[in-house]
Amino acid sequence: MNIAIIGVGKLGVKVCEALVGGDYSITLVDTNDALLDRLSQQFDVMTVNEDARDINVLKEIGINKFQYVLVATGRDENNLVIGSFAKKLGCHRVIVRVRDPEYMKHFEFIRTSMCIDYIVNPDFAITMEIYKYLSEKYTLNNGVFTSGRIALIEFKAKRKNELIGLKMPEVRRLMPDMLIAAISRNGKVIIPHGDDEIREDDAVYVVGEKNEIMELNKKVHVKGKYTDLQKVMIIGGGKTGYYLAQRLADFGASVKLVEQSKERCQYLSTRIPNVMILHGDGTDMDMLEEENIDEMDAFVTATGYDEQNLLLALTAKQKGIEDVISKISRESYSGLIEEMGVDMVLNPLDITSAYIFSIIQGEKRVISSMLVQGQAEIIEVVATPGMMMVGDTLKNLKLPKGVLVASIYRQGEVIIPNGDARIKNGDRVIIFSLLSDIADLEKLMKSR
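Since the model is a prediction, treat every value here as computed from it, not as a measurement.

(A) Representation of the pairing of strand E12 (residues 231–235) in the model. Of all the 5 residues making up E12, 4 are buried; the element is thus mostly covered by neighbouring parts of the structure. As defined by bridge partners, E12 adjoins strand E13 (residues 254–259) across 5 bridges and the pair is classed as parallel. Of the residues in E13, the one forming a bridge with Val 232 is Val 255. Read from E12 through helix H10 (residues 239–251) to E13, the crossover connection turns out right-handed. Two elements, E12 and strand E15 (residues 298–301), share 4 bridges in a ladder whose sense is parallel. Of the residues in E15, the one forming a bridge with Ile 234 is Val 300.

As structure tokens, this is what we get:
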């Protein structure tokens, strides 16, 4: 499959890293020669040092022979123009990154009039994950996700006390026909392995045969789980803060949005009049206390600085706020998150990349995919001849720590696999993967 990435910034590199191990021929187009030279040495890709706004450049690379093009330069206007050119020149599917809220108001009109197949917006994507968490407390269709005879349930470990303190082999003995596929702990999603132990405040994701999961659901699910969200404070009035404040205000919450730039405050006040816009420094605790931070039901840090977001989130948690959410862009900070006790930490780059992967993987018979707290993905795929995952035992596949084969559906039988299980042609396989390990998951679906 031929894929072009036009504009090789953070998103372009992230997508390239994930796809380069799969069955793809990748072409990178950018005006930064030094960047392309470095990437060509790092990956097996073709590079083109040109400005893709020139139609002749798109014709020369044979854009009509590409199944997908991702356009992610630094300017929305350029992305829209290049994406439209690429589609009209014959590219099969066009994915364009757009970040400006003004464009997002006219999302469907722009998409259809410019013949663009998919528009991705990192800030809007992370907003929707935060919104789902706060408005619905991340229920999976009232706690249960089903596909055929396989089902998944999410619940607090303390709803089934006998799980607390157990390691994964002990859990399998207690529930031999089910598998804990993921654990949410202190804002971080973990794919559990043998020595991982379940703690009282963990939320667990359990997969198994549908009837058994439904019986378990009757015992552990909390009815009326939807939140009574009333007061929210958001630090940072950038695009994420803008989208989220607007969504939560429409939901009915009383929202206070703190922004340091006076000019930005004036912009926000004219566009989201039902939100209280506060001009000030989000790190000024005296100001936050004057604005009754202690009374907030939720606190979201969405500034452009990871260190500030984490520090403020930790401070808010110490104030006893029930839901504290932080936007973090650096993966290097992931090790700190679990120790901090923040309820949810999201990386917009990971979320956007996962959405792009789900579009492209549709060509590989991916039946469905769903994000788990914005940090992991549940993927259901049909195993086809030649896939790397087919034939060998799971233990010999040497799956990365962040990837887990949770269940296999074969000719009417639900299999909860162990290390000796093998995936066969035609199996429907449910896989859990951390978004940070999505590149390794891609390799499993690669042809030998």
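Still more ground to cover, so stick around.
(B) A look at the side chain of Arg 185. If you trace the backbone, Arg 185 turns up in strand E9 (residues 178–185). A distance of 2.7 Å separates a polar side-chain atom of Arg 185 from the backbone oxygen of Glu 197. A polar contact of 2.7 Å, which involves the side chain of Arg 185, links it to the side chain of Asp 202.

(C) Geometry of unusual backbone geometry. For Cys 115, which is not glycine, the phi torsion reads 60° and is therefore positive. When you line up the elements, Cys 115 lands in the loop between helix H6 (107–113) and strand E6 (118–120). A relative accessible area of 35% places Cys 115 in the partly exposed class. One non-glycine residue with positive phi stands out, namely Asn 292, at about 60°. Its location among the elements puts Asn 292 in the loop between helix H12 (285–290) and E15.

(D) Representation of the sheet that holds strand E5 (residues 93–97) within the structure. Ordered by their spatial adjacency, 6 strands build an open sheet running E3-E2-E1-E4-E5-E6, and the pairing between neighbours is parallel. The open sheet is flanked by strand E3 (46–49) and E6, the only strands paired with a single partner. The mean inter-strand angle of the sheet, taken between neighbouring strand axes irrespective of direction, is 15°. As paired strands, strand E1 (residues 2–6) and strand E4 (residues 68–71) are joined by 4 bridges and run parallel to one another. When the sheet's bridge partners are listed, Ala 4 is paired in E4 with Val 69.

(E) Examining the sheet that holds strand E16 (residues 323–327) more closely. Strand order in the open sheet formed by 6 strands is E14-E13-E12-E15-E16-E17, and the pairing between neighbours is parallel. The strands lining the two open edges of the sheet, one partner per strand, are strand E14 (276–279) and strand E17 (344–346). The average undirected angle you get between the axes of adjacent strands in this sheet is 15°. Lying over the sheet, helix H11 (residues 262–271) contacts E13 and E14, oriented at roughly 170° with respect to E14.

(F) A look at helix H4 (residues 76–88). In this model H4 runs 18 Å from its N-terminal to its C-terminal C-alpha over 13 residues, within 8% of the 18 Å that 1.5 Å per residue would give. Buried positions along H4 lie against E1, helix H3 (55–60), E4, E5, helix H5 (101–104) and H6. Where H4 terminates, the next one or two residues include Gly 90, which has phi positive at roughly 115°.

(G) The pattern of salt bridges, seen in detail. Inspection of the entire model under this criterion finds 17 salt bridges. Asp 117 is the partner of Lys 87 in a salt bridge, and the nearest nitrogen-oxygen pair spans 3.0 Å. With a gap of 30 residues between them, Lys 87 in helix H4 and Asp 117 in the loop between H6 and E6 connect regions that are remote in the sequence. With a shortest N-O distance of 2.7 Å, Asp 420 and Lys 395 are connected by a salt bridge. With Asp 420 in the loop between strand E21 (413–415) and strand E22 (428–434) and Lys 395 in helix H16 (residues 394–397), this residue pair connects regions lying 25 residues apart in the sequence. Using a relative accessible area of 53% as the deciding quantity, one classes Lys 395 as exposed.

(H) Representation of the packing of aromatic side chains. Within the structure shown, the criterion is met by 4 aromatic pairs. Ring centres 5.5 Å apart and planes at 80° place the aromatic pair Phe 124 and Tyr 243 in the edge-to-face group. With a gap of 119 residues between them, Phe 124 in helix H7 (residues 122–136) and Tyr 243 in helix H10 connect regions that are remote in the sequence. A residue is classified by how much of its surface remains accessible, and Tyr 243, at 5% relative accessible area, is buried. Summarising the aromatic geometry, the rings of Tyr 131 and Phe 251 are spaced 6.0 Å apart at their centres and angled 90° between planes, so their arrangement reads as edge-to-face. In this pair, Tyr 131 is assigned in helix H7 and Phe 251 in helix H10, connecting sequence segments 120 residues apart. Among the residues examined, Tyr 131 registers a relative accessible area of 16% and is labelled buried. In textbook terms, an aromatic cluster arises when at least three aromatic residues are bridged by ring pairs, as seen for Phe 124, Tyr 242, Tyr 243 and Tyr 267.

(I) Local environment of the environment of Met 214. Relative to the elements of secondary structure, Met 214 occurs in helix H9 (residues 210–220). Along the chain, Met 214 and Ala 151 lie 63 residues apart, while their C-alpha atoms are 8.0 Å from each other.

(J) Quick look at the nonpolar core. Residues Ile 63, Val 69, Leu 134, Ile 234 and Leu 248 are the most contacted members of the largest nonpolar core, which totals 52 residues. If you tally residues by element for this core, the top one is H10, at 6 residues. Look past the residues within four positions of Ile 63 in its chain and what remains in contact with it is Ala 4, Leu 58, Val 69, Ala 86, Leu 89, Gly 90 and Cys 91. Counting residues in hydrophobic clusters, the runner-up holds 46 residues, among them Ile 3, Val 13, Ala 383 and Leu 394.

Definitions and limits used
- Every residue gets a number counted from 1 within its own chain, in the order that chain's sequence is written.
- Per-residue local features are limited, in this predicted model, to residues with pLDDT of at least 70; the limit for side-chain atom pairs, both in listing and counting, is 80 or more; totals at the level of whole chains, interfaces and linings are taken over all residues.
- Hydrogens and water are ignored here; the side-chain numbers use all heavy atoms of the structure.
- Burial here depends on accessible area, computed with a 1.4 Å probe over protein chains only, as a share of the maximum for the residue type. Under 20% is buried, over 50% is exposed, and the range in between is partly exposed.
- Helix numbering and strand numbering both begin at the N terminus, where a helix is a DSSP run of H or I of at least 4 residues and a strand a DSSP run of E of at least 2.
- The criterion for strand pairing is that DSSP finds at least two bridges linking the strands in question.
- Whether a crossover is right-handed depends on one test, that the path from the first strand over the helix to the second runs clockwise when the strands point away from the viewer.
- Here a polar contact is taken to be a pair of N or O atoms separated by no more than 3.5 Å, where protein atoms must pair a possible hydrogen donor with a possible acceptor and residues adjacent in sequence count only if both atoms sit in side chains.
- Lines fitted to the C-alpha atoms define the axes, with helices restricted to the stretch that makes contact. Angles between their N-to-C directions range from 0 to 180 degrees.
- Whether two residues touch is decided by their heavy atoms; if any such pair falls within 4.5 Å, the residues are in contact.
- Under the convention used throughout, the expected extent of a helix is 1.5 Å for every residue step, that is, one less than its residue count.
- What makes a salt bridge here is a side-chain nitrogen of Lys or Arg within 4 Å of a carboxyl oxygen of Asp or Glu, nothing more.
- Each pair of aromatic rings taken from Phe, Tyr and Trp, with Trp reduced to its six-membered ring, is defined by centres within 6.5 Å and is described as stacked if the planes are under 30 degrees apart, edge-to-face if over 60, and tilted in the remaining cases.
- Buried Ala, Val, Leu, Ile, Met, Phe, Trp, Tyr and Cys residues form a nonpolar core when they are joined through side-chain atoms within 4.5 Å.

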